[in-house]
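Below, each chain spelled out in residue letters.
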Amino acid sequence: MKSRGLTQGCKAIITGASTGIGRALSVQLAKKYKAQLVITARTESHLNETKELVEKAGGKAIAVVGDIAEHAVQKAAVDASFNEFGCVDILVNNAGLAKPGSLMRLTPEDWERVFAVNFFAPLRLTYAVLPHFVDNKKGKIVNISSVAGKVSFPGSVCYAASKFALTGMSEGMAAELARHGVDVITVCPGWVRSEFFTKNQLSESRNPTIIAQQKNLSGLIMRNLLSISSDECAADTIRAMEKGGSHEIVLTHPGRAVERLQALCPSAISMLSKTLSKQMVESSAATAPETNTLR
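We now turn to the structure provided with this report. (Residues numbered from 1 in each chain as written. Predicted model: local features only at pLDDT ≥ 70, side-chain atom pairs only at ≥ 80, totals over all residues. Heavy atoms only, no water.)

## Considerations on the sheet that holds strand 5 (residues 139-144)
Two strands in a sheet stick together by hydrogen bonds in their backbones, pointing the same way (parallel) or opposite ways (antiparallel).
Now for step 1: Read from one edge to the other, the open sheet built from 7 strands follows the order 3-2-1-4-5-6-9, with strand pairing classed as parallel. Sheet topology places strand 3 (60-65) and strand 9 (247-250) at the edges, where each strand pairs with a single neighbour. With direction set aside, neighbouring strand axes in the sheet form an average angle of 15°.
Now for step 2: Here strand 2 (residues 36-41) runs beside strand 3; their pairing, made up of 6 bridges, is parallel. Within the sheet, the bridge partner assigned to leucine 37 lies in strand 3 and is alanine 61.
Now for step 3: The strands that helix 1 (residues 20-33) touches are strand 1 (11-14), strand 2, strand 4 (90-93) and strand 5; relative to strand 1, the one it contacts most, it runs at about 170°. (Pairing = 2+ DSSP bridges. Helix = DSSP H or I, 4+ residues; strand = E, 2+ residues; numbered from the N terminus. Axes fitted to C-alpha atoms, helices over the stretch in contact; angles between N-to-C directions. Contact = heavy atoms within 4.5 Å.)

See the structure below:
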């Protein structure tokens, strides 16, 4: 059974909506579909900015401030949609957290924290809305994974592992829920120019947003070939939702190239991974405590 595309006035929950992809999705859905949204993030000031942009674009937004890894925040977001809008049509699991750096610099607690945000929060939110979707034989679950959820490189193994888990869950759910009319869309972006990299303390040498601002050849290539903007990522995601049905999209030219090379010749990716310099693997400014890392 194939779910329909998007409709005017659609009701959605979007996590990690304070900046980046989450904000862009919120504003574009409001502008195009007058969407009624529940938006979540930890930074209240930025989340309120998104709320204002959504309402200026013709939509409606309810802000739920808090850490999406917390069960109370997950419940508050779902309850807000049912209480204020009467239903949920779309769940967008977008909030993401990274802990860059080598394995030796991370702890099991770091891994648990990353998985709590990147995997278990989407899982619990999905379970919260799934009975409603199945009963109505429609609904869309959008999981914002990553090319790192298809290919893992040194220096981002913890993040990649959490995104591999999200991708696997998303792909399996898509097959299982198709008969119930529920679409599951897996979005695997490559480099997206957003605040995500700075928030997660990635060094400037690996931050596409900063590199793209440079007035040189590297900046030009990053802007026009290697990366996309948050708005472009959001637009591609909305087109996937409009198409109807469950599917996966891989974004950016290098993202698609790496993903296909991994499928066709995994030994080449393995060799490439082993050549990464220690500086690249340890390319983290993560000596400071975690602050505002959720998008």
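## Re a nonpolar patch on the surface
Now for step 1: Together, Leu217, Leu220, Ile221 and Leu225 give the surface a local cluster of nonpolar side chains, amounting to about 360 Å² of exposed area.
Now for step 2: Within the secondary structure, isoleucine 221 is located in helix 8 (residues 217-226).
Now for step 3: Exposure remark for isoleucine 221: the relative accessible area of 34% places this residue in the partly exposed category. (Patch = residues over 30% accessible without salt bridge, like charges linked within 9 Å, V, L, I, M, F, W, Y side chains within 5 Å. Areas by Shrake-Rupley, 256 points an atom, 1.4 Å probe, with all protein chains shown as cover. Salt bridge = Lys/Arg side-chain N within 4 Å of Asp/Glu carboxyl O. Buried < 20%, exposed > 50% of the residue type's maximum accessible area, 1.4 Å probe, protein only.)

## Section: the environment of valine 78
Now for step 1: Mapped onto the secondary structure, valine 78 falls in helix 3 (residues 71-85).
Now for step 2: Overall, the relative accessible area of 6% leaves valine 78 in the buried class.
Now for step 3: Sequence separation between valine 78 and valine 129 is 51 residues, and the spatial gap between their C-alpha atoms is 7.4 Å.
Now for step 4: Residues in contact with valine 78, not counting those within four places in the same chain, are Ile13, Leu125, Ala128 and Val129.

## Here's the deal with unusual backbone geometry
Now for step 1: Even without a glycine there, the phi angle at lysine 137 is positive, about 55°.
Now for step 2: Residue placement: lysine 137 occurs in the loop between helix 4 (108-136) and strand 5.

## With respect to the side chain of serine 230
Now for step 1: Positionally, serine 230 belongs in helix 9 (residues 230-243).
Now for step 2: On the basis of relative accessibility, which here comes to 10%, the residue serine 230 falls in the buried class.
Now for step 3: Residues contacting serine 230, with those up to four places away along its chain left out, are Gly20, Ile21, Ala24, Val192, Arg193 and Ser194.

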